[in-house]
Protein chains: 2
Amino acid sequence: MFGRHCARILKARYCSTPWSSSGHCWVPRDISAAICKMLLPHVLSCILFLCKVPLDPLLLVADEYAVLADRLQRTIVAELPKLAPNAELFFKMLVKERRFQPSVLLLMEKAMDVPTPTQASRHCADVSPIRIFSGQQCIPEIAEMSNIYNFVRHNMLDDADTRYQASFLNLFLGTKLSVLVGDFLLSKILVILASTKNSEVQSILSKVVEHLVMGEAMEITSSSEQLCSIAHYLEMVYYKKASLLANSCKAIAILAGKDEEITIMASNYGRYLGYAYHLMDDILDIAGISASSGNLSSDIASRMFGAPMLFAIEEFPELRRVVDCRFKNPSELEFGLECLRKSGGMQRTRELATKYAGLALEAIETFPRTNNNKDAEVSRQVLVELARKII
Amino acid sequence: MFGRHCARILKARYCSTPWSSSGHCWVPRDISAAICKMLLPHVLSCILFLCKVPLDPLLLVADEYAVLADRLQRTIVAELPKLAPNAELFFKMLVKERRFQPSVLLLMEKAMDVPTPTQASRHCADVSPIRIFSGQQCIPEIAEMSNIYNFVRHNMLDDADTRYQASFLNLFLGTKLSVLVGDFLLSKILVILASTKNSEVQSILSKVVEHLVMGEAMEITSSSEQLCSIAHYLEMVYYKKASLLANSCKAIAILAGKDEEITIMASNYGRYLGYAYHLMDDILDIAGISASSGNLSSDIASRMFGAPMLFAIEEFPELRRVVDCRFKNPSELEFGLECLRKSGGMQRTRELATKYAGLALEAIETFPRTNNNKDAEVSRQVLVELARKII
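About the criteria used
Residues numbered from 1 in each chain as written. Chains lettered and ligands numbered in written order. Predicted model: local features only at pLDDT ≥ 70, side-chain atom pairs only at ≥ 80, totals over all residues. Heavy atoms only, no water. Helix = DSSP H or I, 4+ residues; strand = E, 2+ residues; numbered from the N terminus. Buried < 20%, exposed > 50% of the residue type's maximum accessible area, 1.4 Å probe, protein only. Contact = heavy atoms within 4.5 Å. Buried area = accessible area lost by both parts, 1.4 Å probe. Salt bridge = Lys/Arg side-chain N within 4 Å of Asp/Glu carboxyl O. Polar contact = N/O pair within 3.5 Å; in protein donor to acceptor, adjacent residues only side chain to side chain. Least-squares fit on C-alpha atoms with pLDDT ≥ 70 in both. Core = buried A, V, L, I, M, F, W, Y, C linked by side-chain atoms within 4.5 Å. Axes fitted to C-alpha atoms, helices over the stretch in contact; angles between N-to-C directions. Parallel < 35°, antiparallel > 145°, perpendicular 65-115°, else oblique. Left-handed = near helix turned anticlockwise from the far one by under 90°. Nonpolar A, V, L, I, M, F, W, Y, C, P; charged D, E, K, R; others polar.

1. Some thoughts on the overall build of chain A
Of regular secondary structure, chain A possesses 19 helices and zero strands. A buried classification covers 56% of the 391 residues belonging to chain A. Here the analysis covers contacts within chain A between residues at least 6 apart in sequence; of these, 78% occur between residues at least 24 apart.

2. Considerations on the interface of chain A and chain B
Across the contact, 37 residues belong to chain A and 37 residues belong to chain B. For the pair chain A and chain B, the two sides together bury roughly 3,400 Å², of which 72% comes from carbon and sulfur. Of all residues in chain A, Lys176(A), Leu190(A) and Ile220(A) bury the most surface against chain B, accounting for 20% of the area lost on that side. Run the count over chain A and chain B and you get four salt bridges. Here Lys188(A) and Glu210(B) are joined by a salt bridge, their closest N and O atoms 2.3 Å apart. Taken together, chain A and chain B are joined by seven residue pairs in polar contact (both at pLDDT 80 or more). Those elements giving two or more residues to the side of chain A that touches chain B turn out to be helix H8 (129–159), helix H9 (168–196) and helix H10 (199–221) of chain A.

3. Some points on the relation of the copies chain A and chain B
The two copies are related by a screw motion: chain A maps onto chain B through a turn of 180° and a shift of 0.0 Å along the axis, at an RMSD of 0.0 Å. Each copy turns onto its partner about a two-fold axis. Considering only C-alpha atoms, the part of chain A nearest the rotation axis is Leu190(A), at 3.1 Å. Here 100% of the interface residues in chain A have copies in chain B that are interface residues too; the copies meet face to matching face.

4. Section: the pattern of salt bridges
Residues and elements named next belong to chain A. As enumerated under the stated definition, the model contains 34 salt bridges over all chains in all. Between Lys-240 and Glu-216 there is a salt bridge, and its shortest N-O distance comes to 3.4 Å. Note that Lys-240 is positioned in helix H12 (residues 230–255) and Glu-216 in helix H10, a separation of 24 residues in sequence. By the burial criterion, Lys-240 is buried, and Glu-216 matches it.

5. So, the nonpolar core
For soluble globular proteins, nonpolar side chains are generally found buried alongside one another. By size, the foremost hydrophobic cluster in this structure holds 230 residues, and its most contacted members are Met108(A), Tyr269(A), Met108(B), Tyr269(B) and Leu273(B). In this view, Leu273(B) contacts Phe100(B), Val104(B), Leu245(B), Ala360(B), Leu386(B), Ala387(B) and Ile390(B); residues no more than four positions away in its chain are not counted.

6. Examining the environment of Arg380(A)
Residue and element names in this part refer to chain A. The topology assignment puts Arg-380 in helix H19 (residues 374–390). For the pair Arg-380 and Met-112, spaced 268 residues apart in the sequence, the C-alpha separation amounts to 8.4 Å. When sequence neighbours within four positions are dropped, the list of residues in contact with Arg-380 reads Ala-111, Ile-364, Glu-365, Phe-367, Pro-368 and Arg-369.

7. Looking at the packing of H10(A) against H12(A)
Any two packed helices are characterised by how steeply their axes cross, that is the angle between the axes, and by the distance between the axes. All names here are of chain A. Relative orientation of the contacting elements H10 and H12 amounts to 165°, with a least axis distance of 9 Å. With respect to H12, the axis of H10 lies roughly antiparallel. The hand of the H10/H12 crossing is left-handed. For the contact of H10 with H12, the residue count by class is 14 nonpolar, six polar and six charged.

8. Topic: the packing of helix H18 (residues 345–365) of chain A against H19(A)
Residue and element names in this part refer to chain A. Packing of H18 against H19 leaves a shortest axis separation of 8 Å and a crossing angle of 165°. With respect to H19, the element H18 is oriented roughly antiparallel. As for how H18 packs across H19, the hand of that crossing is left-handed. Residues Ala-353, Ala-357, Ala-360, Leu-361, Ile-364 and Glu-365 of H18 form the contact with H19, whose own contacting residues are Arg-380, Leu-383, Val-384, Ala-387, Arg-388 and Ile-390. Partitioning the contact of H18 with H19 into residue classes produces nine nonpolar, no polar and three charged.

9. A look at the side chain of Ser267(A)
Its location among the elements puts Ser267(A) in helix H13 (residues 260–291). Residue class for Ser267(A) comes out buried when judged on its relative accessible area of 10%.

10. Some details on the side chain of His232(B)
Looking at the secondary structure, you find His232(B) in helix H13 (residues 230–255). The contact partners of His232(B), leaving out residues within four places of it in the chain, are Met218(B), Ser222(B), Gln226(B) and Leu227(B).

Below you can see the structure in the form of structure tokens.
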């Protein structure tokens, strides 16, 4: 797999020019790609490890993710044909939200070092690797659906009952389709979960969906006091983001037949990486707003409402007033950003993200190494790299 | 159980006057109730069977239903506290929608003649009746949740993007809570299903939820042509109503360990009773509108859009125009009702409901009789009575 991964990088870097049609071609593109695939992976494997070339860690599972995303997209459009005219735009909007969590789960699956059918039949007669694989494979799919559900609902509920312009998503989907896409995804998760035929995994993953809904409910049922508390915010982050990664990693470990210790490590890795990723996302969100033209929408108000702002409120209690009103005009937005700049909100958020990333790193570094399965080892390394990147 | 049922009827008929406080009391109310419970059930059992006294068939499971409904109500309010101020009104609005399906399932459970723990241990060592009972009991609960989900979503989607005044439900719940109550119920169904630990039942009941969502999707994604076709309407009725009863009855039979023949009968009974009940409901809906003041709302437009109107369109194609516009003013509503009166729409709907009720009756009458378990036999009789009442 790592070989294929390197081949993909090489191909992307050196084979993107259509030599075959440029007239300067000395090796046809197909043949050069074949050479990359056959000869270079092992050389590159060493070079990359030695030189620590910075890579997009998720590239390793880019193909698997593309297949999964495409299949899901086609299913949704086939069963909700009204989405078809805007489907491409809709799914493009989701790309950032969608890719991270399912890709981490695809990597976790590979890192589990589940024996291939031949190995399994050699070592243990009663294990059915085909069933294990199909069971595991459904988990990134459920994560992908949960992500889309989360995104659609968050946008819809954020727009409803506010005085802002509706988000782009709601404008082109409309209330009915927004509601139905969410319901459709929840019902499909139910069907997929029923097909796993593993009651422990079903129980764990049903919690994920319950948490997603509880997270949304917390946002609209919490008091103003609660909404300005960082502890309460982190609880919401757990329900809406970290629980998905934590419980899905746990389910993957269980389906791979791992012992309790590894299952707990996998779950901890997911939980802490989920927190760290979300907190870093909060920082990037604020940076995005600072650079924007101050054009107010429910989306901007929602992005302002992250960990940096909550830390800033602890230093500037007067921020509470504008936060409570959800930055209803550009001057309040400017005031909020000014306080944020003066405060240690960004720094404290970064420190918290680093702390969580450290805990994720600790969990994944204690994963047993596998010398026999290069795919598993490379995936483990990429999971380590993911946590390091955040630090 | 039939004894308790008769006691309940006696109590309702003869003990509702507070004799103990009227001064004309010759037996205190508690004692009279106790006598009813202890002495009269068997006498009444004979009298009722001989005289065919008309009863509310659902009364037999009224206590069980009340416990189930109350438990669910408290759970929803506890986890969505914003609903609390309007909870009583909200659940009152649902009473008509809610009671029928879970009560039928409670009766079906009883009719299954599952051995009590003592009987089981005597006859079959490997059956765990406690697990069977707890598994079966979750099914009416899931049906209750599905009903509430269906009701909340239908109201919400019916209001959205229409020019009518919002329904009362949406007015006091608001979009956010309407959406969240639905999501909350779907997530709880997922958790309950995961706890059944029976993959066949999970697979069957996950289909119910999938069908509910597909039914809603059909309503908003179908063409005008499709929406005016009775065949398409019956397909929607299956997804939104009949599937719930059909698949839940099937799941109850499976959990009770019944053979394939009885499982199919139970499923057929649920399916055809579901159709028949919904069609009769369509007739009652139209009757309700005829007597109303013609005050237009999305609710009235939705109630006009049933089987009688679709049959009427076959006779009066000019009705298509007002149906397409969803009766946007009182004169169109009057025109619609006038055409309906002249047409055979109501009669044809009644005939179709009778046909379905006949099929349900056929299914339940071929159920094996149980002489050893009076509760089961009485429940079966009540299920027969339910189908007969529709005819």
